[in-house]
Amino acid sequence: MSIPLDFETLRIIWWLLLGVLLIGFALTDGFDLGTGALLPFVGKTDEERRMVINTIGATWEGNQVWFILGGGAIFAAWPFVYAVSFSGFYLAMFLVLSALILRPVGFKYRSKHPDLKWRYRWDWALFVGGFVPALVFGVAVGNVLKGIPFRLDGDLRAFYDGSLLGLFTPFTLVTGLLSVAMLVLHGAGWLSLKSEGVVLERARRFGQVAAVLAIVLFAVGGLFVAYGGLGYRLDGLVDAGGPSNPRFSTTVAEGGAWLANYGAHPWMLMAPLLGFVGPVLALLGIRGRNDVLVFAGSSLANVGIISTVGLSMFPYILPSSIDPLSSLTVWNASSSHGTLFTMLIVTAIFLPIVLAYTAWAYRIMFGRVTEQDVRTNPDFY
């Protein structure tokens, strides 16, 4: 069968789709994580905390679809990336999954017992379920920008030489805290739309702090990228439609190379600009009590910051810090031509269904959670 799209085009399409899935995860499950991280601080009484929980109670399970889709896309479209990242980051992934498991358990068991100490312990478990994944995801992104300590042998078997503690460096802690600030701001934006009373006021206060931290940490991260000796570039000719073999291309570590794409393609500067404009808009929305602007600003911050990472690194997906020749790019780490095209057809069919269902679910669940709802609705957590 003749494939109507060439290999290079399909690789770019799947790189873009991977970005869409990651942004979709940040925009949906991201405010779940941010809301969970804010729970013990914006809710002081049991009733207030139940209000916070039920702002995400109807949609959090569906939002995790984006996380699953992202993992599935990496597995199917970028098998080398899946093999290296999921094996190398095994302990970090286990930490994230352990924290995420606390969410469904906390939601289901928290209100099964009337004792306030019991409930408050589960509230802190929900905090862990929001804060830890946000932090670890950001730390992981920082490590990707630094380069992962892995190498491929002659048979393309991956060997990871890092450790869990080795993931935490000054730069990766900045990216981890940026991720937390970004998602806490998004959670505050969600609570601005969905809560009321003192919970809403506290969410606005924490949202202001998160917005300022997001701006500062994004700027500090940019300085690290520009002057911290970070970056990789391809050396020599690159066959964008060639076979998927990392050994067929040459990578050179070069400080500041992550900024090269912005010089070659100035339109890409829109991404970091959105990363700064988004939190500023959220701040303006908080001070002007415009809840829609707060959430729009936090959403733009997510889009801008995540897009900045992807555009800065293109065409790299997973560079190697100990063996640059093993670095994985859009051109050398994908599945076959036929596999990418088949998956694209499947995605074209099912992704619109997921989007339509998600939009329908949010439309049905639209509206604020009130104190009266918490007191009287038997279906609430």
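Residues numbered from 1 in each chain as written. Predicted model: local features only at pLDDT ≥ 70, side-chain atom pairs only at ≥ 80, totals over all residues. Heavy atoms only, no water.

Some words on the overall build of the chain
Scanning the chain for helices and strands turns up 14 helices and six strands. For 381 residues, the compact-globule estimate of 2.2 N^0.38 gives 21 Å, and the chain sits close to it at 21 Å. When its C-alpha atoms are laid out on the principal axes, the chain stretches across 65 × 45 × 35 Å. Among the 381 residues that make up the chain, the fraction classed as buried is 50%. Put simply, 81% of the contacts in the chain that link residues at least 6 apart link residues at least 24 apart. Put simply, the chain shows about 17,200 Å² of open surface, and 70% of that area lies on carbon and sulfur atoms. Positive and negative side-chain charges in the chain, numbering 25 and 23 respectively, have mean positions lying 8 Å apart. (Helix = DSSP H or I, 4+ residues; strand = E, 2+ residues; numbered from the N terminus. Rg over C-alpha atoms; globule rule 2.2 N^0.38 Å. Buried < 20%, exposed > 50% of the residue type's maximum accessible area, 1.4 Å probe, protein only. Contact = heavy atoms within 4.5 Å. Areas by Shrake-Rupley, 256 points an atom, 1.4 Å probe, with all protein chains shown as cover. Lys, Arg positive; Asp, Glu negative; His and termini not counted. Charge placed at Lys NZ, Arg CZ, Asp CG, Glu CD.)

Topic: the nonpolar core
Among the nonpolar cores identified, the biggest contains 95 residues, and W14, W78, V81, W258, L318 and L328 are the most heavily contacted of them. Examining the composition of this core, we find that 14 residues originate from one element, helix α1 (residues 7-42), more than from any other. Ignoring any residue separated from it by four or fewer positions in sequence, one finds L328 in contact with F80, V81, V84, F150, L152, P246, Y316, I317, L318 and A333. (Core = buried A, V, L, I, M, F, W, Y, C linked by side-chain atoms within 4.5 Å.)

Quick word on helix α7 (residues 116-146)
Across its 31 residues, α7 extends 45 Å between first and last C-alpha, which sits within 8% of the 45 Å expected from 1.5 Å per residue. After α7 finishes, the residue G147 shows a positive phi value of roughly 110 degrees. (Expected span 1.5 Å × (residues − 1).)

A closer look at the packing of α1 against helix α2 (residues 46-56)
One can describe the packing of α1 onto α2 by two numbers: an axis separation of 9 Å at closest approach and a directional angle of 180 degrees. Judged on the interaxial angle alone, α2 and α1 are roughly antiparallel. Contacts from F31, D32, T35, L39, P40 and V42 of α1 reach α2 at E48, R49, V52, I53, T55 and I56. Of the residues belonging to the contact of α1 with α2, the class tally is seven nonpolar, two polar and three charged. (Axes fitted to C-alpha atoms, helices over the stretch in contact; angles between N-to-C directions. Parallel < 35°, antiparallel > 145°, perpendicular 65-115°, else oblique. Nonpolar A, V, L, I, M, F, W, Y, C, P; charged D, E, K, R; others polar.)

Digging into a nonpolar patch on the surface
Nonpolar side chains collect at one region of the surface, where I345, V346, I349, F350 and I353 lie side by side and expose about 460 Å² of accessible area between them. Structurally, I353 can be placed in helix α13 (residues 337-364). Assessed through its relative accessible area of 48%, I353 is described here as partly exposed. (Patch = residues over 30% accessible without salt bridge, like charges linked within 9 Å, V, L, I, M, F, W, Y side chains within 5 Å. Salt bridge = Lys/Arg side-chain N within 4 Å of Asp/Glu carboxyl O.)

Some thoughts on the packing of helix α4 (residues 65-77) against helix α5 (residues 79-88)
Two numbers describe how α4 lies on α5: the axes approach to 5 Å, and their chain directions differ by 120 degrees. Of the possible angle classes, the one that applies to α4 and α5 is oblique. In this structure, α4 uses G71, I74, F75, A76 and A77 to contact α5, whose residues at the interface are P79, V81 and Y82. A per-class count over the contact of α4 with α5 returns seven nonpolar, one polar and no charged.

A closer look at the confidence of the model for the chain
This prediction gives the chain a mean pLDDT of 91; 100% of its residues lie at or above 70. Predicted confidence in the chain is weakest over helix α14 (residues 371-376), with a mean pLDDT of 82, and strongest over helix α11 (residues 270-287), with 97. (pLDDT = per-residue confidence, 0-100.)

Notes on the environment of L281
Within the element layout of this structure, L281 appears in helix α11. Here L281 falls in the partly exposed class, since its relative accessible area comes to 25%. Counting along the chain gives 60 residues from L281 to F341, while the straight-line C-alpha distance between them is 39 Å. Excluding residues within four positions of it along the chain, L281 makes contact with L293, G297 and L300.

Concerning the pattern of salt bridges
Oppositely charged side chains may form a pair once their charged atoms are brought near each other. Inspection of the entire model under this criterion finds 17 salt bridges. As a salt-bridge pair, D123 and R49 come within 3.0 Å of each other at their nearest N and O atoms. Within this pair, whereas D123 is found in helix α7, its partner R49 is found in helix α2, the two being separated by 74 residues in sequence. The exposure class assigned to D123 is buried, which follows from its relative accessible area of 0%.

Observations concerning helix α6 (residues 90-109)
Residue pairs three or four apart in sequence face the same way in an α-helix, which turns once every 3.6 residues. Compared with the 28 Å implied by 1.5 Å per residue over 20 residues, the 28 Å span of α6 between its first and last C-alpha is a close match. The set of residues buried in α6 consists of A92, V96, A99, L100, R103, G106 and F107. Buried residues of α6 fall within an arc of 115 degrees about the axis and therefore sit on the same side. Exposed and facing more than 90 degrees away from the buried side of α6 are Y90, F94 and I101. Those residues of α6 hidden inside the fold are in contact with α1, α2, α3 (60-63), α4 and α7. (Arc of directions from axis to C-beta.)

Thoughts on the packing of aromatic side chains
For the structure on display, the rule yields 28 aromatic pairs. Both rings, one in F75 and one in Y82, keep their centres 5.0 Å apart while their planes meet at 75 degrees; by these two values the pair is edge-to-face. The class of F75 is exposed, set by a relative accessible area of 53%. Residue classification places Y82 among the partly exposed positions, given a relative accessible area of 28%. (Phe/Tyr/Trp six-rings, centres within 6.5 Å; stacked < 30°, edge-to-face > 60°.)

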